[in-house]
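Topology and contacts: notes
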Amino acid sequence: MGEGFGAYRLGRDAELLDYVSSANIACGFHAGDPATMRSTVQLCLRKGVAIGAHPGLPDLQGFGRREMAITPSEAYELTLYQLGALQAFVHAEGGRLQHVKPHGALYHMAAKRHDLAAAIAAATLSVSAELTLFGPPGSELLRAGAAAGLRTASEAFADRSYQRDGSLTPRDQPGALLASAADAAAQVIRLVREGKVLSPEGEELSLRADTICLHGDGEHAVEFARDIRALLDSSGIAVMALG
């Protein structure tokens, strides 16, 4: 959420927030700016949606999806800087920051590298021991969060396909993004009920999901969110924030 910048708008946040329980708000490095951060926080609070920080690499042009050679110290500093910025807006509006979910390349780098994961966990803990750190199941990010004493949440994706090893299909490969809302909804239901997902080759993979992510910048994100929420509701599955 909040991934516009200046005069540029991205996504249909106001509509999406009618279907989700938590939002990851861009903090100005990969997307977002002070005005967008403030208005998105206000929108979340009006709609009763829990607020999470979505810190990314300082790469507006690449939308934070290109890897950068950063040190653990830099990972700590850029995470702390972004969390502090969003927390200030949340505090000013009378809200509470619930979680931290790194964005894009930073998320995937920290999932594999313990040093970066530990730096992000340390920055999160420096802001508040009450924050929940999101990460891929079995990742270094979750291990570092737990080691730091943080609450962690295993995250799966509604709109992305998974490889045989449980990793996301790279965006530059065919089938990386699920093509239909029906496919996304079916994947979510199976993740919630069975803890399983199918690879593009049709292989069954076990995948723990405490929280489900849907990308707000997807072309049909609102339709995906609406159909997923409708199927969850009709299946008797409650949707709620983590904390």
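These remarks concern the structure in this document. (Residues numbered from 1 in each chain as written. Predicted model: local features only at pLDDT ≥ 70, side-chain atom pairs only at ≥ 80, totals over all residues. Heavy atoms only, no water.)

Comments concerning the pattern of salt bridges
- Counted according to the given criterion, the structure contains 16 salt bridges.
- For K101, the salt bridge goes to E155, with nearest N and O atoms at 2.8 Å. Highlighted residues: K101 in the loop between β3 (97-100) and α4 (104-112) and E155 in strand β5 (residues 151-157), separated in sequence by 54 residues.
- Note on K101: relative accessible area 4%, which makes it buried.
- A salt bridge links R190 to E194; the nearest nitrogen and oxygen atoms lie 3.1 Å apart. Separated by four residues within a single helix, R190 and E194 lie in helix α7 (residues 181-194), roughly one turn from each other.
- Looking at R190, the relative accessible area reads 22%, which means it is partly exposed.
- E194 gets classed as partly exposed once you look at its relative accessible area, which sits at 45%. (Salt bridge = Lys/Arg side-chain N within 4 Å of Asp/Glu carboxyl O. Helix = DSSP H or I, 4+ residues; strand = E, 2+ residues; numbered from the N terminus. Buried < 20%, exposed > 50% of the residue type's maximum accessible area, 1.4 Å probe, protein only.)

A closer look at the pairing of β3
- Bridge analysis of strand β2 (residues 50-54) against β3 gives three bridges, and the strand direction is parallel. Residue pairing in the sheet places G52 in a bridge with H99 of β3. (Pairing = 2+ DSSP bridges.)

Section: helix α2 (residues 34-47)
- Along its 14 residues, α2 runs 20 Å from first to last C-alpha, staying within 8% of the 20 Å computed at 1.5 Å per residue.
- Within the sequence span of α2, burial applies to T36, M37, T40, V41, L43 and C44. End-on view of α2: buried residues confined to an arc of 165°, all on one side of the axis. Away from the buried face of α2 by more than 90 degrees, exposed residues P34, A35 and R46 are located.
- Residues of α2 that are buried in the fold lie against α1 (13-16), β1 (22-26), β2 and α3 (72-92).
- Just downstream of α2, G48 is the residue with a positive phi angle, here 70°. (Expected span 1.5 Å × (residues − 1). Arc of directions from axis to C-beta. Contact = heavy atoms within 4.5 Å.)

A short note on the packing of α4 against helix α5 (residues 114-127)
- Contact geometry for α4 and α5: axes closest at 5 Å, N-to-C directions at 115°. Looking at the two axes, α4 sits roughly perpendicular to α5. Regarding α4 and α5, the two cross each other, and that crossing is left-handed. Here α4 contributes L106, M109, A110 and K112 to the contact with α5, which in turn contributes H114, L116, A117 and I120.
- Partitioning the contact of α4 with α5 into residue classes produces six nonpolar, one polar and one charged. (Axes fitted to C-alpha atoms, helices over the stretch in contact; angles between N-to-C directions. Parallel < 35°, antiparallel > 145°, perpendicular 65-115°, else oblique. Left-handed = near helix turned anticlockwise from the far one by under 90°. Nonpolar A, V, L, I, M, F, W, Y, C, P; charged D, E, K, R; others polar.)

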